[in-house]
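# Inside the fold
Here is what each chain is made of, one letter per residue.
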Amino acid sequence: MKIRVGQGYDVHKLVAGHPFWLGGIQIPHTHGAFGHSDADVVCHVLCDALLGAANMRNIGYHFSDKDPRWKGVDSKVLLAEVLRMVREAGYEVSNVDVTVVLQEPKLNPHIPAMKTCLAGVMQIPEDDISIKATTSEHLGFVGRQEGIAAHCVALIYK
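Keep in mind that this is a model prediction, so the values were computed, not measured.

Pairing analysis gives 11 bridges linking strand β1 (residues 3-16) to strand β7 (residues 147-157), with the strands arranged antiparallel. Each bridged residue has a counterpart across the sheet, and for G6 the counterpart in β7 is A154. Strand direction decides the pairing type here: strand β5 (residues 92-101) and β7, joined by 9 bridges, are antiparallel. The partner of N95 across the bridge, within β7, is L155.

Laid out in structure tokens, this is it:
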């Protein structure tokens, strides 16, 4: 068995009145992440971690923000395509571990719905998806509520 690990990191600016998509679901909040796609940082770090583990570069390489096809796209579409590519290369997902760094809103009430949504997209058990949330203790761009960051580690095997 071949086991590989990948790591992902993403940040997006928070904009007042913009929809806030995170972990495949819409979170009610006064601000939302802004980007070329729907700016779902959880889906984006999952993509980068999985692509990295499979040695397939990164999300920007496959889904350029210069390509109008990806403008406003639901990031679950990107994640599903990444999983298709990873599986086509002979790998399967063992587990993923995501940490979201956000001052507000509190995410713990939304994590079960995120896990359910992502398990469906990724076709893996919810038990293989870990999502945690933390703040930056009011430090930096996250602490000033200017943006959101996320980290992910993914383990794949064949």
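Once you've had a look at it, read on.
For the largest pocket, the calculated volume is near 200 Å³. Forming the walls of the largest pocket are 13 residues, and the residues nearest its centre are H36, S37, H44, F63 and D65. Contributions of two or more residues to the lining of the largest pocket are made by β1 and α2 (59-62). A per-class count over the lining of the largest pocket returns 4 nonpolar, 7 polar and 2 charged.

About the cut-offs
Residues numbered from 1 in each chain as written. Predicted model: local features only at pLDDT ≥ 70, side-chain atom pairs only at ≥ 80, totals over all residues. Heavy atoms only, no water. Pairing = 2+ DSSP bridges. Helix = DSSP H or I, 4+ residues; strand = E, 2+ residues; numbered from the N terminus. 1 Å grid on protein atoms, 1.4 Å probe; cavity = no way out; pocket = protein on both sides within 12 Å on 5 of 7 lines; lining within 4 Å. Points joined across faces, edges and corners; volume = space filled by probe spheres on them. Nonpolar A, V, L, I, M, F, W, Y, C, P; charged D, E, K, R; others polar.

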